[in-house]
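Listed below are the residues making up each chain.
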Amino acid sequence: VLFEKIMTAFYFVLTGLIFLCVYWNIPCRHRRLLLLICNPLFMCAFGIEFFLLHLVSAVANFTLARSIQAFPTKGRAFVTIAVLFNVGLILFYKIKVQTIDSYIIPLGLSYYTFVNLGFVLDTYRKKIAPIQTFFNFYIFSGFFPTFLMGPIERAEDLWGQLAQNRTWNWTLLSSGSYLISLGLFKKFVIADRLHDLANPTNLYAHHFSGISLWIFYLLSFIQIYCDFSSYIDIVRGFAKL
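As the structure is a computational prediction, the values presented were derived from the model and not from experiment.

(A) Layout of the overall build of the protein chain. Along its length, the protein chain carries 10 helices and 0 strands. The order of α-helices and β-strands along the protein chain, N terminus first, is α-α-α-α-α-α-α-α-α-α. By the burial criterion, 38% of the 241 residues in the protein chain qualify as buried. Counting only contacts in the protein chain whose residues sit at least 6 apart along the sequence, the fraction spanning at least 24 positions is 74%. Counting every atom, the protein chain has about 14,400 Å² of accessible surface; 69% of that belongs to carbon and sulfur. For the protein chain, the centre of its 19 positive side-chain charges and the centre of its 11 negative side-chain charges are spaced 12 Å apart.

(B) Local environment of the packing of aromatic side chains. Overall, the coordinates contain 18 aromatic pairs when judged by the stated rule. Look at Phe 19 and Phe 144: their rings are 5.1 Å apart centre to centre, the planes differ by 85°, and that puts the pair in the edge-to-face class. A residue pair is termed long-range when its members are at least 10 positions apart, and Phe 19 in helix H1 (residues 2-23) and Phe 144 in the loop between helix H6 (134-141) and helix H7 (155-162) qualify at 125 residues. Of the two residues, Phe 19 and Phe 144, neither departs from the other in class, the shared state being buried. Ring plane angle 50° and centroid distance 6.4 Å describe the contact between Phe 143 and Phe 144, whose orientation is recorded as tilted.

(C) Expanded view of the pattern of salt bridges. For the structure shown, the criterion picks out 5 salt bridges. Residue Arg 154 pairs with Asp 122 through a salt bridge whose shortest N-O separation is 2.7 Å. One end of the pair, Arg 154, is in the loop between H6 and H7; the other, Asp 122, is in helix H5 (residues 109-124), with 32 residues separating them in the sequence. When the shortest N-O distance is used, the salt bridge between Lys 187 and Asp 227 registers 2.9 Å. Note that Lys 187 is positioned in helix H8 (residues 170-198) and Asp 227 in helix H10 (residues 210-240), a separation of 40 residues in sequence. Here the salt bridges share partners, and the residues they tie into one network are Lys 186, Asp 233 and Arg 236.

(D) Geometry of the environment of Ile 48. Position of Ile 48 relative to the elements: it lies in helix H3 (residues 48-70). The exposure class of Ile 48 is exposed, given its relative accessible area of 53%. Between the C-alpha atoms of Ile 48 and Ser 110, which are 62 residues apart in sequence, the distance is 18 Å.

(E) The arrangement of H6 in detail. Those residues of H6 that fall on the buried side of the exposure criterion are Phe 137, Tyr 138, Ile 139, Phe 140 and Ser 141. Structurally, H6 contributes buried residues whose contacts are with helix H2 (31-46), H3, H5 and H7.

The rules behind these values
- Residues numbered from 1 in each chain as written.
- Predicted model: local features only at pLDDT ≥ 70, side-chain atom pairs only at ≥ 80, totals over all residues.
- Heavy atoms only, no water.
- Helix = DSSP H or I, 4+ residues; strand = E, 2+ residues; numbered from the N terminus.
- Buried < 20%, exposed > 50% of the residue type's maximum accessible area, 1.4 Å probe, protein only.
- Contact = heavy atoms within 4.5 Å.
- Areas by Shrake-Rupley, 256 points an atom, 1.4 Å probe, with all protein chains shown as cover.
- Lys, Arg positive; Asp, Glu negative; His and termini not counted.
- Charge placed at Lys NZ, Arg CZ, Asp CG, Glu CD.
- Phe/Tyr/Trp six-rings, centres within 6.5 Å; stacked < 30°, edge-to-face > 60°.
- Salt bridge = Lys/Arg side-chain N within 4 Å of Asp/Glu carboxyl O.

Remember that the coordinates give geometry; whether it matters functionally is a separate question.
Below, the structure is given as structure tokens:
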């Protein structure tokens, strides 16, 4: 198991370095095209069905957002449709997991669903300037560093940065590398070790005393926090790079 985790981290670092080398060595005008290509490639690496499901979600929400812009008097109705569609999509797969053995929720479903729904709501509230083309929206919706574990980003924050011509920044390189290193440390040194220590209490709780259970449960809380925050640190660091 440890070897698999090390190889996963190595795969992440290697693919990240390859992407960054290409990104910083092509003209600025082609960088968004690179992101547009990398988003579906990243999803298809886990399974083409994950890419297709995200594509359906992106098309549906972009169409609803554009409909709000075209027919502002019917905006509330389109927002209602968007909420029902996105929440229904999550509930459908949640129920499917509970009724079918060995079935998993599609990767990143909860994160990109709320990203897309947030885009529709921000469009209705006129908090963002209209994104005119689906390709521009898709870059935001499927931004692959945040696809699996978040964080849930807002269009007004991320798209404004993606639309700018980026220049090499040693400060961002330093802070981004630090965040990635911190995230890997939290994951492999803290979270995984606490999981190995506290997990037996979930299987054999009756063998432990009350005070021991409280200690182990506290360690479990720390493990869950470090596990989740480690991914967020890595994503933030990669985005800075």
